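Coordinate analysis (summary)
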Amino acid sequence: MRQFLDGLLKQWGVTNDLVTVLIYGAGMLLFATIVLLLWVAPLAGFTSYFERRIAARMQSRVGPNRVGPQGILQWIADGLKCLLKEDLIPREADAKLFKVAPYLVFFGMLGTFVVLPFSEWLVIADLDIGVFFLMAVTAFVAVGIIIAGWSSNNKWALLGGMRSAAQIVSYEIPSGLALLAVVMTAGTLSTQGIIRDQGWAPWQWNVFRTPFLFTAFFVYFISALAEINRAPFDLPEAESELVAGYNTEYSGMRFALFFLAEWADCYVISAVATMAFLGGWQIPPIVPEAARPLVQVLAFVAKSFFLIFVVIWIRWTLPRIRVDQMMELCWKYLVPIGFVNLLGTAAWVAFVPPNQALANATSIALCVLAAAVVLYFMARVRYNLRATSAEVSLNPFV
Amino acid sequence: MATLQTQEMELNMGPHHPSTHGVIRFILKTDGEIIAECKPDVGYLHRSIEKIGELCTYNGFMPYTDRIDYVAAMSANFVWALAVEKLGGYEVTRRAELLRVITNELGRISSHLVAVGTMAMDIGAVTPFPYALRERERVNDLLEEICGARLTFNYHRIGGVGWDMTPGWDKKVLAFCDSFEKILEEFDRLITGNHIFIERLAKVCVVSAEDAVDWCFTGPNLRASGVDWDLRRDEPYSIYKDVKFAVPLGTGVVGVVGDSYNRFVVRVQEMGEAAKIARQCVQMLPETDGQNPVPKPKTLKPAKGECYVRTEAPRGEMGIYVVSDGSDKAWRVKARTGSFCAMGAVEALSPGLMLADLVALIASFDVVAPEIDR
């Protein structure tokens, strides 16, 4: 992006430094708006539609199907509705903090899009500290949620905010440890570097590379679910206990910002997991040169959306775990496993030469194991579907 | 080091709350997440049903009994009909008794579906609730065909039932019972065996057998604490002595006897037993063909006296105490409901619980506001 602007300005013959800086600033603002309006907001909106539809089908319901074909424009209707609602700030609430909180949460999510690569060349900024930047920026969400809980002047919101603070801060650690294992294997913090270190075939992905990285994938996924307050870790917004937790008092567009941030965060953690563990945009070399960029983007988005599907699936299947059980899970289980993974990966990187017999055999063995588990799972799903397929229609009026 | 000044937080789990079952208010004093005191404040749904009983004729009061517990309306109908019949010595044909019991058991299935569905939803698993409601819709279809209503049935009458069954209804009930047993297995696979669910409920709010009896628990709450008492088997009324069914007891599976998980599992198992009872009664129906289950409409004037009749409703023991002064309206009607007594135990059981556990406790007692407040 910067090179593009550079070339453009030199073409126009601009030499004055101040004007350069101003135009750079304006250009970046423009790009940011484009990214925001044309990519993040529709992505979050579409994820919301995706979730409602999948949740409904899992619950024997239909889901949104009126607005647009198959309800595909439902998210636009929801967004417009939120924009038109009254902007309500509770009387005794701290108005400045109340207004700032959704922006902080939104920024915590938006900042991560800078380093997410969609294809070999399509990345906003390939920072050398990519993964570190990701973890730092997502920590803003915790700050935003605490401020939201406190400024609402509502004890239930405060409880939600406190729970969320404890949860996010605790689960930063196992997720960081898992990503560190990946970084150690790839030798670089840059996101593009991590993807280039993997291959296109499933057994060349990071997740199947060593048993430690295999475990790291699950540790990262669980910790990331806790980071974005999704079930089974959605205590901060536990509907049945805290009404809506930290966003009880929010309405209209401020509420929409929280939820946009949540759905876009689903995409972010799926994208990070795809990048770190599932090979990112890598595609088979038989794809012709001309189509490579597009197919790479499609591969990345497809893998991310598969993981988003898993996130949604988990949310609508599992109950919620309690605050103390969640803390126990983090500190007594995930953190030790994360450390073991880290040490194991260090040992592996130091002693096992890459791309030779032992490494390749391990990858293929893990891949076959995972395929076997998936096949067994599909067999059980088929069994369950057949066991309850009796369709009985008892309504005398239909 | 100076001691840290902490304050107990006073929270209002107000009448509007997604997880209190109905309009019930709790005034909580908490130390962060741990509850120090929880006072229930009931009465938000008080509708003076008992006073209305003094202003209505005996037959005219039947729709009001639906509203005593609108989730399990058939049981309330049943106990009012039994109470006035005992008071006045009115006879009921066997066909009417069979139809009453079939609809009562279908109502029990419907009520327990709501109970376990909302319990799962309060713990966070939203999916079992629509599954339970889907089955409840089938029960509602059956009951709609026989009496025209889907929630407040007004089906039983003093001396019988309101309408005879439509032809083919009994086959539909059998078809439902067969498919329902498979659905129960699916429900078990979805939520009853779920590890997170068990972690949330096992060993939470244990009520020992002695405590359960002391607090006047009845119904599934009592049986989950290990006390083997079911009015349908121990003080049989109507035709319950002619049907065979098991009474599920809390066995402390994966937890302790009397914990919230037991209260959940007992309700799930009771649904299976209710389907069995309904099936047996439907198979007994053909031998009563030709009997008229609908009583002749007339103004009832039972002799002066009083009587108390109790039955096994899905939420515990529902009893009606009715006093007659010889006229066509009752002199006093009192309804004893299971939820009211369960509510009394919440204050004593709550200190030391976390907020999430309080929600699990209220859900596992299966209290509904209309029963508490009447």
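Structure first, text after, so check above.
Residues numbered from 1 in each chain as written. Chains lettered and ligands numbered in written order. Predicted model: local features only at pLDDT ≥ 70, side-chain atom pairs only at ≥ 80, totals over all residues.

**Looking at the overall build of chain B**
Quick reminder of the rule: By definition, any uninterrupted DSSP run of H or I lasting at least four residues is a helix, any uninterrupted run of E lasting at least two residues is a strand, and each is numbered from the N terminus. The reference for a compact globule is 2.2 Å times residues^0.38; the radius of gyration itself is calculated from the C-alpha atoms. Between the buried cut of 20 or more and the exposed cut of 12 or fewer other C-beta atoms within 10 Å of a residue's own C-beta lies the partly exposed class, and all C-beta atoms are placed from the backbone. Two residues qualify as a contact pair if the distance between their C-beta atoms, derived from the backbone, is within 7 Å.
Helix and strand content of chain B: 14 helices and eight strands. Since a compact globule built from 374 residues should have a radius of gyration of about 21 Å, the 21 Å found for chain B is in line with a globular shape. Counting only C-alpha atoms, chain B reaches 85 × 45 × 35 Å along its principal axes. Put simply, chain B has 374 residues, and 51% of those count as buried. Counting only contacts in chain B whose residues sit at least 6 apart along the sequence, the fraction spanning at least 24 positions is 71%.

**As for the overall build of chain A**
Broken down by element type, chain A carries 14 helices and zero strands. Relative to the globule expectation of 21 Å for 398 residues, the C-alpha radius of gyration of chain A, 23 Å, shows essentially globular dimensions. With the C-alpha coordinates aligned to their principal axes, the bounding extent of chain A is approximately 75 × 65 × 45 Å. For chain A, contacts bridging at least 24 residues in sequence account for 77% of all contacts bridging at least 6.

**Re the interface of chain A and chain B**
In many reports, interface size means the accessible area that the parts give up when they come together. Under the convention used in this document: Each residue receives one of three labels: charged for Asp, Glu, Lys and Arg, nonpolar for Ala, Val, Leu, Ile, Met, Phe, Trp, Tyr, Cys and Pro, and polar for the others, Gly being one of them.
With 30 residues of chain A in contact, the opposing surface of chain B contributes 39 residues. Among the residues making up the side of chain A that touches chain B, the classes are represented as 15 nonpolar, eight polar and seven charged.

**Notes on unusual backbone geometry**
All names here are of chain A. A positive phi angle, near 60°, is found at glutamine 70, a position not held by glycine. For glutamine 70, a count of 14 C-beta atoms within 10 Å gives the class partly exposed. The phi dihedral of asparagine 229 is positive, around 55°, even though this residue is not glycine. Checked against the element boundaries, asparagine 229 lands in the loop between α9 (211-227) and α10 (239-242).

**A short note on helix α4 (residues 94-123) of chain B**
Residues and elements named next belong to chain B. Just so we agree on the cut-off: What a helix should span is 1.5 Å times the count of its residues minus one.
With 30 residues, α4 should cover 44 Å at 1.5 Å per step; its first-to-last C-alpha distance of 43 Å lies within 8% of that length. Taking burial as the measure, the 30 residues of α4 include 28 buried ones, the bulk of the element. One or two residues past the end of α4 sits glycine 124, with phi positive at roughly 120°.

**Overview of the sheet that holds strand β2 (residues 25-31) of chain B**
Residue and element names in this part refer to chain B. We apply this condition: Two strands pair if DSSP finds at least two bridges between them. Each axis is a line fitted through C-alpha atoms, and for a helix only the stretch in contact is used; angles between axes span 0 to 180 degrees, taken between their N-to-C directions.
Read from one edge of the open sheet, three strands run β1-β2-β3, paired in antiparallel fashion. Each edge of the open sheet carries a strand with a single partner, namely β1 (9-13) and β3 (34-41). The sheet shows a mean angle of 20° between the axes of neighbouring strands, taken without regard to direction. Sheet analysis places β1 next to β2, joined by five bridges and oriented antiparallel. Paired with methionine 13 across the two strands is phenylalanine 26, which belongs to β2.

**Digging into the pairing of strand β8 (residues 330-336) of chain B**
Every regular strand shows the same layout, with side chains that alternate between the two sheet faces. Residues and elements named next belong to chain B. Across six bridges, the pairing between strand β7 (residues 316-324) and β8 is antiparallel. Each residue of the ladder has a partner; that of isoleucine 320, found in β8, is alanine 335. Linking β7 back to β8 in an antiparallel pair, the connection comprises five residues, with glycine 326 at a positive phi of about 90°.

**Overview of the packing of helix α3 (residues 74-83) of chain A against helix α11 (residues 252-277) of chain A**
Residue and element names in this part refer to chain A. Where we set the bar: What sets the label is the angle itself: under 35 degrees gives roughly parallel, over 145 gives roughly antiparallel, 65 to 115 gives roughly perpendicular, and the rest give oblique.
The interhelical angle for the contact between α3 and α11, taken along N-to-C directions, is 140°, at an axis separation of 7 Å. With respect to their mutual orientation, α3 and α11 come out oblique. Along the contact surface, α3 presents Gly79, Cys82 and Leu83, while α11 presents Gly252, Met253, Phe255 and Ala256. Residues belonging to the contact of α3 with α11 are distributed by class as follows: five nonpolar, two polar and no charged.

**Some points on the environment of alanine 157 of chain A**
When you line up the elements, alanine 157 of chain A lands in helix α7 (residues 155-186). Taking the C-alpha atoms as reference points, alanine 157 of chain A and threonine 248 of chain A, separated by 91 residues in sequence, lie 6.2 Å from one another.

**So, helix α6 (residues 140-151) of chain A**
All names here are of chain A. Here α6 is 12 residues long and its end C-alpha atoms lie 16 Å apart, about the 16 Å a rise of 1.5 Å per residue gives. A large share of α6 lies buried, amounting to nine of its 12 residues. Listed in full, the buried residues belonging to α6 are Val141, Ala142, Gly144, Ile145, Ile146, Ile147, Ala148, Gly149 and Ser151. Asparagine 153 occupies a position one or two residues after α6 and carries a positive phi of about 55°.

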